[in-house]
Amino acid sequence: MARSLTGGSFGVQGMLKEGTKHLSGLEEATFKNIEAAKQLSSCVRTSLGPNGMNKMVINHLEKLFVTNDAATIVGELEVQHPAAKLLVMASNMQEVEVGDGTNLVVVLAGELLSQAEELLKSGLHVSEIIGGYKAAEAKALASIDSLVTHTSPPAVLHDAPQLASALRSVIASKQWGNEELFAAKIAEACTIAMPADPTKFNPDNIRVAKILGSSVLGTTVVRGMCLPRSALGTIKEVQGARVAVYGIPLDSATTETKGTVLLKSAADLKNYNDSEEAALEKTIKAIRDTGVNLIVCGQAVGELALHFCEKFGILVLKCPSKFELRRICRTTGAANLVRLDPPAPDDT
C-alpha cells in the first residue's frame, strides 16, 4: 500500500510541518516586510534629534519608560515581525558598538526601504536595487573622510576639559540646554574611570544615581560607588570599612527540610528561643571578630540579626539588586558569600 510522504501536499508546503505559512513574491512577502519596517521606523521617527519628542512605553511587566532613545523604545516594544526584528538588531548593534545613533539607524533603514518600494513598483528587480545601494555605500564611504571637520587626539581621553568639548555635541542631541553641565560631569567621571589602556574602558564603571529633593544643577561626581539607599539601623557611617557581602538573608538559619519541635512547657519554649538567639549572636560576633564592620545583604535582614549587628558596631546595608551586588563586589574586592559564616581573609 503506497503512502504519500508529503501528506498530500506538494512543493515547499509539503516539506514543512503542518500549519507553516510560506509566502513569496512581491505582494505576499517583500511589500509586507517593507511595510513592517516602515511602521517601526515611523514609531521612532518623531524622536530623532535634539527637539525629538519622548515616547511613553509600558512593557510586559507594566514598567513605564519615558524616553527618546530608540534602542530603549524598540527593545521594550517586543517586536515579533522577522523583518522589523532585523532593524531592532541593527539598532542594538549600533548601541553596543558606538553608543549613539540608534534612532538614525532605524529611520534611515525605513527611508531606504520606502524608496526601494517605489522602485519595485516601477518594475526594477530586487537585485538591481541592491546593486544601486551597494554603489551608493561605496560612494558614501569614499566621501565621508572629506567631511570630517575635527579629529581629537587619543590624549583627549585623559583630559577632562578637552573630552567635555568633544562630548558636547553628542549630549546636546539628548539633553538640549544642559549639554554644558552634563558634558563637564560626564567627562570628569570618564577620566576618573579611564584605565591606562583606553580600549579596556568599561562603561559599567560609571553609574547614575538619582536622589529626590534638588534640581539637575545639583549634579555632582562621586569618586567611588554611590547607592541611593540609607543604611539599616542607627549606625550610618563607618571609617576604614571592611566589607562582607552576603547574597542570602541575614537572619536565623533555617533547615533545608521540615521538622517538628515538641515543646512541653513555657520553659522549653524559652530555652528554644534563647538557643536560636545565642546561635545568631555567636555567628554575628564571629563575623565581627574577622574585622568586618560593614555588611551588604542582598536579601531580607531580620530584626534580631540587625540588633546584634548594632550591638557589635556593624553597619548593615540592604541591596536587593543582584547587579548592584556584583558591582559592589567588583568595587570592594569582596566575594558574594552564600552561607552565613565568617568570611575568609580573601572574601572581604
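All values reported here derive from a predicted model rather than from experimental measurement.

J.: Would you mind showing me how to read the pattern of salt bridges here?
T.: Any two side chains of opposite charge can pair, on the condition that their charged atoms come close. Summed over the entire model, instances satisfying the criterion amount to twelve salt bridges. For the salt bridge of Lys121 with Glu117, the shortest nitrogen-to-oxygen distance reads 3.7 Å. Here Glu117 and Lys121 lie together in helix H5 (residues 102–121), a separation of four residues that amounts to about one turn. Residue Lys121 is classed as exposed on the basis of its relative accessible area, which comes to 55%.

J.: How should a nonpolar patch on the surface be read in this particular structure?
T.: On the surface, a nonpolar cluster with roughly 430 Å² of combined accessible area is contributed by Leu48, Leu104, Leu108, Leu112 and Tyr133. Its place among the elements puts Leu112 in helix H5. A relative accessible area of 37% means that Leu112 is categorised as partly exposed.

J.: Is there a simple way to explain the packing of aromatic side chains in this structure?
T.: Each aromatic ring pair is characterised by the separation of its centres together with the angle its planes make. Within this structure, the stated rule accounts for zero aromatic pairs. One residue, Lys121, lies across the ring of Phe31, its end atom 5.9 Å from the ring centre.

J.: Looking at this structure, how should I read the sheet that holds strand E5 (residues 315–318)?
T.: Strands pair in a sheet through their backbones, by hydrogen bonds, and they do so in one of two ways: parallel or antiparallel. Ordered in space as E5-E4-E3-E6, the four strands form an open sheet in which the pairing is parallel. Because the sheet does not close on itself, it has two edges, and the strands there are E5 and strand E6 (336–337). Strand contacts of helix H11 (residues 322–332): strand E3 (243–246), strand E4 (294–297) and E6, with the helix running at about 150 degrees to E3, the strand carrying the most contacts.

J.: Would you mind going over the nonpolar core with me for this structure?
T.: For soluble globular proteins, nonpolar side chains are generally found buried alongside one another. Formed by 19 residues in total, the largest nonpolar core has its most connected members in Tyr246, Leu250, Ile284, Ile295, Cys309 and Leu340. Those elements that provide at least two residues to this core are E3, helix H9 (266–289), E4 and helix H10 (303–311). Top element by residues in this core is H10. It accounts for four residues. Residue contacts for Leu250: discarding those within four places in its chain leaves Ile284, Ile295, Cys297, Ala300, Val301, Gly302, Ala305, Cys309, Val316 and Leu340.

J.: Explanation requested: the pairing of strand E2 (residues 64–67) in the structure shown.
T.: Successive residues of a regular strand alternate their side chains across the two faces of the sheet. Here E2 shows a clear split, with Phe65 and Thr67 buried on one side and none of Leu64 and Val66 buried on the other. Here strand E1 (residues 55–58) pairs with E2 via four bridges, running antiparallel. The partner of Lys55 across the bridge, within E2, is Thr67. Between the antiparallel neighbours E1 and E2 lie five residues, among them Glu62 with a positive phi of about 65 degrees.

J.: Please explain the side chain of Ser47 as it appears in this structure.
T.: With respect to the element layout, Ser47 can be found in the loop between helix H2 (25–45) and E1. Side chain to side chain, Ser47 and Lys55 meet in a polar contact 3.2 Å long. Those residues in contact with Ser47 that sit more than four places away from it in its chain are Gly52, Met53, Lys55, Asn68, Ile73 and Asn103.

J.: Looking at this model, I keep getting lost on the packing of helix H4 (residues 82–97) against H5. Mind explaining?
T.: One can describe the packing of H4 onto H5 by two numbers: an axis separation of 8 Å at closest approach and a directional angle of 150 degrees. It follows that H4 is roughly antiparallel to H5 by the angle criterion. Handedness of the H4/H5 crossing: right-handed. The segment H4 lies against H5, with Leu87, Ala90, Ser91, Gln94 and Glu95 engaging Thr102, Val105, Val106 and Ala109. When grouped by side-chain class, the residues that make up the contact of H4 with H5 number five nonpolar, three polar and one charged.

Cut-offs used in this document
- Residues numbered from 1 in each chain as written.
- Predicted model: local features only at pLDDT ≥ 70, side-chain atom pairs only at ≥ 80, totals over all residues.
- Heavy atoms only, no water.
- Salt bridge = Lys/Arg side-chain N within 4 Å of Asp/Glu carboxyl O.
- Helix = DSSP H or I, 4+ residues; strand = E, 2+ residues; numbered from the N terminus.
- Buried < 20%, exposed > 50% of the residue type's maximum accessible area, 1.4 Å probe, protein only.
- Patch = residues over 30% accessible without salt bridge, like charges linked within 9 Å, V, L, I, M, F, W, Y side chains within 5 Å.
- Areas by Shrake-Rupley, 256 points an atom, 1.4 Å probe, with all protein chains shown as cover.
- Phe/Tyr/Trp six-rings, centres within 6.5 Å; stacked < 30°, edge-to-face > 60°.
- Lys NZ or Arg CZ within 6 Å of the ring centre and 35° of its normal.
- Pairing = 2+ DSSP bridges.
- Contact = heavy atoms within 4.5 Å.
- Axes fitted to C-alpha atoms, helices over the stretch in contact; angles between N-to-C directions.
- Core = buried A, V, L, I, M, F, W, Y, C linked by side-chain atoms within 4.5 Å.
- Polar contact = N/O pair within 3.5 Å; in protein donor to acceptor, adjacent residues only side chain to side chain.
- Parallel < 35°, antiparallel > 145°, perpendicular 65-115°, else oblique.
- Left-handed = near helix turned anticlockwise from the far one by under 90°.
- Nonpolar A, V, L, I, M, F, W, Y, C, P; charged D, E, K, R; others polar.

Functional significance is not addressed by these values, which are geometric in nature.
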